Structure formats: structure tokens, C-alpha cells
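One letter stands for each residue in the lines below.
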Amino acid sequence: MDKFVINIGRQIGSGGKIIGEIIARRLGIRLYDKELINLAARESGLCPECFEKADEREAKGMFATLIGYFRAPFTGYEGGNTNNILANESLFRIQSDVIRQIAARESAIFVGRCADYILRDHPRCVNVFITADEADRIDRLCKRDNCTPDEARAMMERIDAQRASFYNYYSLRTWGQAATYHLCVNSSKLGEEQTADFILDFAGRKLHEKF
């Protein structure tokens, strides 16, 4: 079987990471989420805290500088202020390189971090966005964080806005918009296990594989 990647974007409380873990377990491949922070830190020699502070947060640098980091190798780019290695754009570039390296050597599942955009030229990828009904999202967050429904709702609004800002800024696409992905699915309709079944069936058809 040729290498492939499944990229999962998700609303907080949608069960997206859990569903990704179910798929990873069934396929016998790794899921990368927060693990990317430590890998990027190891690759760059920077401390993990640098990446944690910038993780899925909108960068504030100049647009032209951002495009430069996208278009040119990190160590060779001469435009903008490359001495400021702690700029969010630089950290994003390092993490992007790690994602590309992983995708080149193994089949994997990536959660968030613009992986679908970073791997847009990968010949065998499936890009999925997972949402859920508001009541189910609130219930998940209340159980996970032992918080009130109002606190869960505020968290949803804040983190979804943060993820959308990060994704839209770096990808120039629209986070959560159906046209941005190969498949959008509401996990409330099928539950976590059957949503994983649904995504695997779609991925198998798209990649011409039997999962």
C-alpha cells in the first residue's frame, strides 16, 4: 500500500481527535497532534514552549514575510527578518517542514495545524473537517474539563475563533467551509465509532484502497 495521509480539521468538542485516534488504531498508523510540538522543537533546537505559545494562534507578521517563508527554504530565505527565528511565521515554517518529512516517510493522520494546506501537493491525502451539534459539544467539554455549560460555550467560541484565525491566516482558505475539504461530517449523527467508519469508507474510495 502506498503512503497516504488523512488530515483532520475539527471544532473543539466535536470528538475529532478521538475519531482520528480510532482511525489511526484501525489502520495501524500514527496520529500526530501535540506530538508535532516536540518534534519541531527537536528538529530546530528550540524549546517546546516556543511552539506551544504559537500553537494554532494567528501570526502577526507582515504578509509579504509570511509568503516568503512559504515559498522559500527556511534556511535560505533572504527576504524579511530571518534573524527573528521566534517569529510565529518561522515557527510555523519549522513545524510545516516536520509535517512534510513525516508524510514523506510514513502514512499518518494529522490533526489541525493547517496540515491539509501544508500537504496540498501530496498525491494521496484525504482532508476531513469534523463538527458536531452544539449540545453534544458542550456536553463533551463539560465532562472533559468539569466546567459549566456557559463556560463550555465560551470556550467553544474562543477556541473555534482562534483556530479559524490561524487556519485562514496561514492557508488563505476558510476554516470549516465545506469547499475547503474533501469531506465534512457531523459526528453527532453517527457517533464516534461510526463516524470513523464513514471517514474510512470515504478515504478508501478516494485513495482506491480497502481499509
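Residues numbered from 1 in each chain as written. Predicted model: local features only at pLDDT ≥ 70, side-chain atom pairs only at ≥ 80, totals over all residues. Heavy atoms only, no water.

Enquirer: I keep staring at the overall build of the protein and nothing clicks. Help me out?
Expert: Within the protein, the regular secondary structure consists of 9 helices and 5 strands. For the protein, the residues scored as buried account for 50% of the 211 residues in total. Taking the intrachain contacts of the protein between residues at least 6 apart in sequence as the baseline, contacts between residues at least 24 apart amount to 69%. Total accessible area computed for the protein in this model is approximately 10500 Å², and 49% of it derives from carbon and sulfur atoms. (Helix = DSSP H or I, 4+ residues; strand = E, 2+ residues; numbered from the N terminus. Buried < 20%, exposed > 50% of the residue type's maximum accessible area, 1.4 Å probe, protein only. Contact = heavy atoms within 4.5 Å. Areas by Shrake-Rupley, 256 points an atom, 1.4 Å probe, with all protein chains shown as cover.)

Enquirer: Can you help me understand the sheet that holds strand 1 (residues 5-10) in this one?
Expert: Two pairing modes exist for strands in a sheet, parallel and antiparallel, and in both the strands are linked by backbone hydrogen bonds. Ordered by their spatial adjacency, 5 strands build an open sheet running 2-3-1-4-5, and the pairing between neighbours is parallel. Edge positions in the open sheet fall to strand 2 (30-32) and strand 5 (183-186), since each of these has one partner strand only. Averaged over all neighbouring strand pairs, the angle between strand axes comes to 25 degrees, with direction disregarded. Both strand 4 (residues 125-131) and strand 5 contribute to a ladder of 4 bridges, which runs parallel. Opposite Phe-129, over in strand 5, you have Cys-184 as the bridge partner. Here helix 5 (residues 88-105) sits on the sheet and contacts strand 1, strand 2 and strand 3 (108-111); the angle it forms with strand 3, its principal contact strand, is near 155 degrees. (Pairing = 2+ DSSP bridges. Axes fitted to C-alpha atoms, helices over the stretch in contact; angles between N-to-C directions.)

Enquirer: In this structure, what is going on with the confidence of the model for the protein? I would like to understand it.
Expert: Low-pLDDT portions of the prediction should not be read for the details of their coordinates. Mean pLDDT over the protein: 87, with 85% of residues reaching 70 or higher. Scored below 50 in pLDDT, residues 61-85 makes 37 contacts in the model with residues more than four places away or belonging to other chains. (pLDDT = per-residue confidence, 0-100.)

Enquirer: Sorry, what's going on with unusual backbone geometry here?
Expert: A negative phi holds for most residues other than glycine; trans holds for most peptide bonds. A positive phi angle is found at Cys-114, which is not glycine, with a value near 60 degrees. Positioned with a positive phi, His-208 is a non-glycine residue whose angle comes to about 60 degrees. By the element assignment, His-208 lies in the segment after helix 9 (187-207).

Enquirer: Looking at this structure, how should I read the environment of Arg-137?
Expert: With respect to the element layout, Arg-137 can be found in helix 7 (residues 134-145). On the basis of relative accessibility, which here comes to 6%, the residue Arg-137 falls in the buried class. At 2.4 Å, the side chain of Arg-137 and the side chain of Asp-160 are in polar contact. (Polar contact = N/O pair within 3.5 Å; in protein donor to acceptor, adjacent residues only side chain to side chain.)

Enquirer: Any chance you could explain the pattern of salt bridges here in plain terms?
Expert: Once the charged atoms of two side chains with opposite charge are near each other, the side chains can pair. Tallied over the full model, the rule gives 17 salt bridges. The salt bridge partner of Lys-189 is Asp-133, with a shortest N-O separation of 3.3 Å. With Lys-189 in helix 9 and Asp-133 in the loop between strand 4 and helix 7, the pair connects residues that are 56 residues apart, well separated along the chain. Under the relative-accessibility criterion, Lys-189 is labelled exposed at 57%. With a closest N to O distance of 3.0 Å, Arg-144 and Asp-145 form a salt bridge. Looking at Asp-145, the relative accessible area reads 32%, which means it is partly exposed. Taken together, the shared-partner salt bridges connect Lys-17, Asp-33 and Arg-113 into one network. (Salt bridge = Lys/Arg side-chain N within 4 Å of Asp/Glu carboxyl O.)

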